[in-house]
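If you want the building blocks of each chain, they are given just below.
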Amino acid sequence: MDVETMIATFEAERERALVLARGAATPEELEAARVAVLGRRSPFAEAQRRLGALQPEDRRRAGKVANEAREAIVAALATRASELEAAAEEQLVAADRIDLTLPGRRPPIGSLHPLTIIEDEVVEAFVAMGFRVVEGPEVEDDWHNFEALNIPADHPARTMKDSLYVDVPGQPGLLLRTETSAAQIRTMESQGPPVYIVSPGRVFRRETPDATHLPVFHQVECLVVDEGITFADLKGTLEALVRSLFGPSRRVRLGPAYFPFVEPGAEVGVSCFRCDGAGCRVCGNGWIELLGAGMVHPQVLENCGYDSERLTGFAFGMGIERVAMLRWGIPDMRLLIEGDVRFLEQFGGAA
Ligand code: PHE
């Protein structure tokens, strides 16, 4: 191989190398290009091995061309290598880029249970009037649930048929409270007059669930004891409550009713919020019977050590389920305890 051919080879290989380097699309292809142009069996290496056979003058000239060509090739390979690396990096970044403008995943927001909504409203109405909220135990004894409330031993409410008794050895007569009225007794036992309390809570009765009955339901009890409390105070308080629950134009009517712990006792009706007393499908005759009430029986005051000559009081108790059913037109009480979210989320109580 003469010197001119050798120089031509170096220059040709240099051109070929630049093309191969630029065309390599992956690090593997680039490595293959390097082996092809600079490897031991490449035309470049072949020509280089023959440099030694040249005359010194020719060897210097051809050697110079060879060195420049090699440098150019190495530089081209390096440039391409870093280009490929940058591209790979970019791809990686693009692959796990987070788009901060995408809307987030919203966790489903719960809603307040309709019974909670009503209970809160009732309690709030009373707190606004200056009442205190008290809660009694759900497991009660005979005294607080019956005896002190003037419910005589032969009263039908005391039988196994109506109440749910709890079997605790050594503590006979424990039962799940049948009405929140038990809270009246506990309050009067623990404090002197005056009393202005409201007591919400669960109550229990031996009942087969149907559209209007549940064995576990909720009541709110209200008790006032002070000097000079009259039936008019009871009616005024009921009117305030009913208007806050069912709207400002509701009227209240009282009819006679018997509860052992009040005298006189009254059944409280409210003018229908749908037909305003004219008579409709919800109420029938224009009035909805809503709760039981009355003037606290003097015997109940005496049972708690209150002077029934000096003090009078009123009490009333209402079912929360019933209020919820009336308010929202819920046809079956059992819907309230089934826990179906599609039902529960309709009442708009933000949790
Ligand atoms: N506790 C009675 C009931 O469960 C309601 C009531 C409360 C009546 C207070 C009069 C006074 O039906």
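Residues numbered from 1 in each chain as written. Predicted model: local features only at pLDDT ≥ 70, side-chain atom pairs only at ≥ 80, totals over all residues. Heavy atoms only, no water.

Time to look at the overall build of the protein chain. When helices and strands are tallied, the protein chain shows eleven helices and nine strands. In summary, the protein chain has a C-alpha radius of gyration of 46 Å against a globular reference of 20 Å for 351 residues, an excess of more than 25%. On the principal axes, the C-alpha backbone points of the protein chain span a range of 140 × 55 × 40 Å. Per-residue burial for the protein chain yields a buried fraction of 40% across its 351 residues. The contacts of the protein chain with a sequence gap of at least 6 include a subset with a gap of at least 24, amounting to 68%. With an accessible surface of roughly 19300 Å², the protein chain has 54% of that area assigned to carbon and sulfur atoms. (Helix = DSSP H or I, 4+ residues; strand = E, 2+ residues; numbered from the N terminus. Rg over C-alpha atoms; globule rule 2.2 N^0.38 Å. Buried < 20%, exposed > 50% of the residue type's maximum accessible area, 1.4 Å probe, protein only. Contact = heavy atoms within 4.5 Å. Areas by Shrake-Rupley, 256 points an atom, 1.4 Å probe, with all protein chains shown as cover.)

Near the ligand lie 13 residues; those nearest to it are Glu179, Ser181, Arg205, Gln219 and Gly317. Here arginine 205 contributes a side-chain N or O atom positioned 3.0 Å from an oxygen atom of the ligand. A distance of 2.8 Å separates an oxygen atom of the ligand from a polar side-chain atom of glutamine 219. When the ligand is considered free in solution it has 320 Å² of accessible area, and contact with the protein chains removes 90% of it. Residue assignment for the shell around the ligand shows that the elements contributing at least two residues are strand S5 (216-226), strand S8 (287-296) and strand S9 (312-319). A per-element tally of the shell around the ligand places S9 first, with three residues. Grouping the constituent residues of the shell around the ligand by class yields six nonpolar, four polar and three charged. (Near = heavy atom within 4 Å. Polar contact = N/O pair within 3.5 Å; in protein donor to acceptor, adjacent residues only side chain to side chain. Nonpolar A, V, L, I, M, F, W, Y, C, P; charged D, E, K, R; others polar.)

Here we take up the domain arrangement of the protein chain. According to the domain assignment, the protein chain contains domain 1 (3-96) and domain 2 (114-344). Between the C-alpha centres of domain 1 and domain 2 the distance comes to 97 Å. (Domains from an automatic or database assignment.)

Look at any regular strand and the pattern is simple: side chains alternate between the two faces of the sheet. Taken across its ten residues, strand S7 (residues 262-271) has seven buried, putting it largely inside the fold. When strand S6 (residues 252-257) meets S7, the two strands line up antiparallel, connected through six bridges. Paired with arginine 253 across the two strands is glycine 269, which belongs to S7. With eight bridges connecting them, S7 and S8 associate as antiparallel partners. Each residue of the ladder has a partner; that of valine 262, found in S8, is valine 296. (Pairing = 2+ DSSP bridges.)

Here the focus is the side chain of threonine 180. On the secondary structure map, threonine 180 appears in the loop between strand S3 (175-176) and helix H7 (182-190). Judged by relative accessible area, which is 0%, threonine 180 ranks as buried.

With that settled, consider the side chain of histidine 144. Secondary-structure assignment places histidine 144 in helix H6 (residues 142-145). A polar side-chain atom of histidine 144 sits 2.8 Å from a polar atom in the side chain of aspartate 141. A distance of 2.7 Å separates a polar atom in the side chain of histidine 144 from a polar atom in the side chain of glutamate 189. Setting aside residues up to four positions removed in sequence, histidine 144 forms contacts with Leu149, Ala182, Ile185, Arg186 and Glu189.

Turning our attention to the pattern of salt bridges. Enumeration according to the criterion identifies 17 salt bridges in this entry. For arginine 61, the salt bridge is made with glutamate 4, and the minimal N-O distance between the two is 2.9 Å. Residue arginine 61 is located in helix H4 (residues 56-95), and its partner glutamate 4 is located in helix H1 (residues 3-23); the two are separated by 57 residues in the primary sequence. For arginine 61, a relative accessible area of 39% corresponds to the partly exposed category. Among the salt bridges present, the one from arginine 342 reaches aspartate 340, with a minimum N-O distance of 2.7 Å. Overall, the relative accessible area of 64% leaves arginine 342 in the exposed class. On the accessibility criterion, aspartate 340 (27% relative accessible area) is partly exposed. One network of salt bridges, with partners in common, ties together Glu46, Arg49 and Arg50. (Salt bridge = Lys/Arg side-chain N within 4 Å of Asp/Glu carboxyl O.)

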